[in-house]
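Breakdown of the fold
Chain by chain, the residues:
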Amino acid sequence: MGSIALESVSKEFGGITVIPGLDLAISDGEFVVFVGPSGCGKSTLLRLIAGLEDTSGGRILIDGADMTRTPPSQRQLSMVFQSYALYPHMSVYGNIAFPLRMAGRDKASIDRKVRDAAATLNLTDYLERKPRQLSGGQRQRVAIGRAIVREPKAFLFDEPLSNLDAALRVNMRLEISELHQSLKTTMIYVTHDQVEAMTMADKIVVLNKGNIEQVGSPLDLYRAPANRFVAGFIGSPRMNFIDGAEAQKHGAAAIGVRPEHLHLSPTEGSWRGKVDLSEHLGSDTFLHIDVSGIGRITARTTGEFSAERGAPIFLTPDQTKLHRFDVTGKAIP
Ligand code: ADP
Ligand code: MG
């Protein structure tokens, strides 16, 4: 079992409040992603859960038991960091076995667990190698292997893929998702990358300045962001925000329209603009369009779309997918 509950958890460092106080419930087996910009308190929150930092206020419950003052080693959680923190002089086998040796397990059961974890992570052929003889992705798998053998109630990942190149990140993202499907253990995963959050999470927690902006499934947050912060953070390219007279027509202080919810036409539409810049990805084209009276708008269209710079173009937003926000930035349902 691995349910985790945070009750009014707060944290300050030397009088500076980093987490003012938040509540969160994580169910056993859930894959929860904490996402938010750099410095918003993601690592701090994870470290509070792990017990690597003391809370300034509130309670942390694991499977219903108060663990707020319990040392990290007794919380039965395994943490995986961005820096793999492997022992360079030990083999892969030695690194994965390390926590079990420290716990005084017998040789046979250590061997079985290390080999099981290695098989799960495709490391069987590398058990005798040293970390320096491995790729970045393999090193991160060793770090995950070391976490697995402890059979924790939950895995805590802090930006584990940040040191990997883009292609490897996509691979490891899939591997971690598959690992979650096979282990079914609670996972809390911290990232600043909304794509990782969208692709991996059962539940996303969007953090901003130590506060929770919204909690929901990836598609909940995409379809119905609670405010401008979430609307602008989730989705790529970013949502377009429009204020002034155009927003007033919809009875809002601002409206938001995602680039993929704009229909493009060379001859007719709601808004007239000029193409500033085209980005060709092959699968998609992103057009940055200067719309008179509204400003710079990004539109996304699938496939190839050719438009000369400065060419007139018309945009029509899908009215059913418009987002409206009040003066405080809160979404108007
Ligand atoms: P994130 O992981 O979202 O990038 P962090 O949790 O690392 O953010 O940091 C949140 C804020 O807390 C930052 O402003 C950071 O400078 C501050 N902070 C983190 N750890 C400490 C510390 N040990 N002492 C003082 N300030 C800290
Ligand atoms: Mg961090």
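In this text the structure is predicted, and so the values were computed from the model without any measurement.

Conventions adopted
- Residues numbered from 1 in each chain as written.
- Chains lettered and ligands numbered in written order.
- Predicted model: local features only at pLDDT ≥ 70, side-chain atom pairs only at ≥ 80, totals over all residues.
- Heavy atoms only, no water.
- Domains from an automatic or database assignment.
- Contact = heavy atoms within 4.5 Å.
- Buried area = accessible area lost by both parts, 1.4 Å probe.
- Salt bridge = Lys/Arg side-chain N within 4 Å of Asp/Glu carboxyl O.
- Helix = DSSP H or I, 4+ residues; strand = E, 2+ residues; numbered from the N terminus.
- Near = heavy atom within 4 Å.
- Polar contact = N/O pair within 3.5 Å; in protein donor to acceptor, adjacent residues only side chain to side chain.
- Nonpolar A, V, L, I, M, F, W, Y, C, P; charged D, E, K, R; others polar.
- Core = buried A, V, L, I, M, F, W, Y, C linked by side-chain atoms within 4.5 Å.
- Buried < 20%, exposed > 50% of the residue type's maximum accessible area, 1.4 Å probe, protein only.
- Phe/Tyr/Trp six-rings, centres within 6.5 Å; stacked < 30°, edge-to-face > 60°.
- Pairing = 2+ DSSP bridges.

Brief notes about the domain arrangement of the protein chain
Taken domain by domain, the protein chain holds domain 1 (4-230) and domain 2 (239-332). Once you take the C-alpha centre of each, domain 1 and domain 2 turn out to be 38 Å apart. In this assembly, 7 residues from domain 1 lie in contact with 11 residues from domain 2. Each partner contributes to the roughly 720 Å² buried at the junction of domain 1 and domain 2, and carbon and sulfur atoms together form 55% of this total. Of all residues in domain 1, Tyr-222, Pro-225 and Arg-228 give up the largest surface area on contact with domain 2, accounting jointly for 78% of the area buried on that side. There are 0 salt bridges connecting domain 1 and domain 2.

A look at unusual backbone geometry
Cis peptide bonds are those with omega within 30 degrees of zero, and the linkage from Ser-236 to Pro-237 qualifies with -5°. Relative to the elements of secondary structure, Pro-237 occurs in the loop between helix H8 (228-233) and strand S11 (240-243). One non-glycine residue, Glu-159, lies in the positive phi region at around 40°. Tracing the chain through its elements places Glu-159 in the loop between strand S7 (154-158) and helix H5 (166-183).

Some words on the site of ligand 1
Looking at ligand 1, the residues that line it are Phe-13, Val-18, Pro-37, Ser-38, Gly-39, Cys-40, Gly-41, Lys-42, Ser-43 and Thr-44. The contact in question runs from an oxygen atom of ligand 1 to an N or O atom on the backbone of Gly-39, over 2.7 Å. Within the contact set of ligand 1, an oxygen atom lies 3.0 Å away from a backbone nitrogen or oxygen of Gly-41. Its residues assigned to classes, the shell around ligand 1 comprises 4 nonpolar, 5 polar and 1 charged.

What about the nonpolar core?
Judged by nonpolar contacts, the single largest core of 44 residues is most densely connected at Ile-96, Ile-144, Phe-157, Ile-176 and Tyr-189. Non-local contacts of Phe-157, meaning those with residues more than four positions away in its chain, are made with Leu-46, Val-80, Ile-144, Ile-176, Met-187, Ile-188, Tyr-189 and Val-190. Core analysis: the second largest hydrophobic core is formed by 26 residues, Ile-19, Cys-40, Ala-50 and Ala-154 among them.

Some thoughts on the pattern of salt bridges
Counted by the stated rule, this structure contains 14 salt bridges. Here Glu-175 and Arg-141 are joined by a salt bridge, their closest N and O atoms 2.9 Å apart. Placement of Glu-175 in helix H5 and of Arg-141 in helix H4 (residues 136-148) is noted, with a sequence separation of 34 residues between them. By relative accessible area, which is 13% here, Arg-141 ends up buried. In this structure, a network of salt bridges that share partners links the residues Glu-7, Arg-59 and Asp-66.

Digging into the environment of Leu-168
Mapped onto the elements, Leu-168 comes out in helix H5. Counting along the chain gives 31 residues from Leu-168 to Gly-137, while the straight-line C-alpha distance between them is 6.7 Å.

What about the packing of aromatic side chains?
Counted according to the given criterion, the structure contains 6 aromatic pairs. Ring geometry for Tyr-87 against Phe-98: centres 4.6 Å apart, planes inclined by 50°, an arrangement best described as tilted. Highlighted residues: Tyr-87 in the loop between strand S6 (77-80) and helix H2 (92-102) and Phe-98 in helix H2, separated in sequence by 11 residues. When its relative accessible area of 31% is taken as the criterion, Tyr-87 is described as partly exposed.

Structural notes on the sheet that holds strand S18 (residues 323-325)
The 4 strands lie next to each other as S11-S12-S18-S19, forming an open sheet whose pairing is antiparallel. The sheet is open, and its two edges are formed by S11 and strand S19 (331-332), each paired on a single side. When S11 meets strand S12 (residues 254-257), the two strands line up antiparallel, connected through 4 bridges. Residue Phe-241 lies in a different strand from S12, and its bridge partner there is Gly-256.

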